[in-house]
Amino acid sequence: MKIAFENAFADGIEMILTGGDLIMDSFATKRAQVDREWALFHKIFDAHCKVPVEHCLGNHDIFGFCLSKAELKGNEADFGYSRPLAELKLPSRWRSFDRGGWHFIVLSSVERDPNDECGYLAYLTKEQRAWLEADLAATKLPTVVVSHVPIVSVTGTVRDASNIKIGKTEFGGGLIHLDAGPVHGIFRTAGNVKLVLSGHTHLIDRCVADGVTYCCSGAVCGSWWKPSKTHCEPTYALIDLFNDGSFDYRIKPTGWKNA
Ligand SMILES: [Zn+2]
């Protein structure tokens, strides 16, 4: 089965997985602009995308967690995850499905930060982690996991020098999963998780731990459509999944150039 992570214009693609952050921002953005962004998103996808798409939600897709900048109260019907779930006609924040002899799990890893109104933390809630364990226990198929925020990644280390403190290295709780150890333990125990895809950091890496391959696949927008020495060029991942549980994973440039 040939799939593309985040983008696909090549022939023979059977499915697109997106890694989240589908619109520029609704996390800290007023409603009128959020409305325009979703309208543009649907217009572009409807016009250009002819293969099945499975979306993952990122921090930028959540509506108004930063109440002050979004000018919301938090009790609106489309607040938070409600808006992107409705826009994308998704049944739930996290889900799984089988296709082409593989099992796919789409996680939802962005939670509100109780200490920072406009911040967020990356972890699986108790409910989602229990669901993940039960879901993996129910399949023997080789499995691909999609998580917007990387679970295991070296991109936090190579991103810049801001994480280097005296005597320690620190990552913000929104950059890499706070529960990487326990979640990796679930994957390791399951034994059939082959590939874990993520976005969020706008960087490219590939880490293998206990037979589980974790890949950050860059970003279709590169460095938010601007030149950058520290982030990736516009990229996506082209992935072939084989029946024996092996896969081929390649990073491809989208070809977009800054005008
Ligand atoms: Zn993100």
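Worth saying up front: this structure is predicted, and the values here are computed from it rather than measured.

A. Focus on the sheet that holds strand β12 (residues 204-209). Here 6 strands make up an open sheet; going across it, the order is β4-β5-β8-β11-β13-β12 and the pairing mixed. Because the sheet does not close on itself, it has two edges, and the strands there are β4 (95-99) and β12. Between one strand axis and the next, the sheet turns by 15° as a mean value, whatever way the strands run. When strand β8 (residues 143-146) meets strand β11 (residues 193-198), the two strands line up parallel, connected through 4 bridges. Across the sheet, the residue bridging to V144 is L195, located in β11. Strand contacts of helix α6 (residues 180-190): β11, β12 and β13 (212-217), with the helix running at about 130° to β13, the strand carrying the most contacts.

B. Molecular detail of the pairing of strand β14 (residues 235-241). Burial analysis of β14 places 5 of its 7 residues in the buried class, the great majority of the element. Pairing between β14 and strand β15 (residues 247-253): 7 bridges, direction antiparallel. Across the sheet, the residue bridging to D240 is D248, located in β15. Here β14 folds back onto β15, and the loop between the two strands holds 5 residues, one of which, G245, carries a positive phi near 90°.

C. Representation of the sheet that holds β15 within the structure. Taken in spatial order, the 5 strands of this open sheet run β3-β2-β1-β14-β15, and their pairing is mixed. Strand pairing shows two members of the sheet lacking a second neighbour, β3 (53-54) and β15, which therefore form its edges. As paired elements, strand β1 (residues 2-5) and strand β2 (residues 15-17) share 3 bridges and run parallel to each other. Opposite A4, over in β2, you have I16 as the bridge partner.

D. Region of the structure containing the pairing of β1. Relative to β14, β1 runs antiparallel, the two being bridged by 4 bridges. The partner of I3 across the bridge, within β14, is I239.

E. Quick peek at the nonpolar core. Ranked by internal contacts, the top residues of the largest apolar core, which has 55 residues, are F5, V146, V196 and L197. Discounting residues that sit within four places of it in the chain, F5 has contacts with L17, G19, L197, S217, Y236, A237 and I239.

F. Structural context of the environment of E111. Residue position: E111 is located in strand β6 (residues 110-113). Discounting chain neighbours no more than four positions away, the residues touching E111 are Y120, L121, Y123 and T125.

What counts and what doesn't
- Residues numbered from 1 in each chain as written.
- Predicted model: local features only at pLDDT ≥ 70, side-chain atom pairs only at ≥ 80, totals over all residues.
- Pairing = 2+ DSSP bridges.
- Helix = DSSP H or I, 4+ residues; strand = E, 2+ residues; numbered from the N terminus.
- Axes fitted to C-alpha atoms, helices over the stretch in contact; angles between N-to-C directions.
- Contact = placed C-beta atoms within 7 Å.
- Buried ≥ 20, exposed ≤ 12 C-beta atoms within 10 Å, placed from the backbone.
- Core = buried A, V, L, I, M, F, W, Y, C linked by C-beta atoms within 7 Å.

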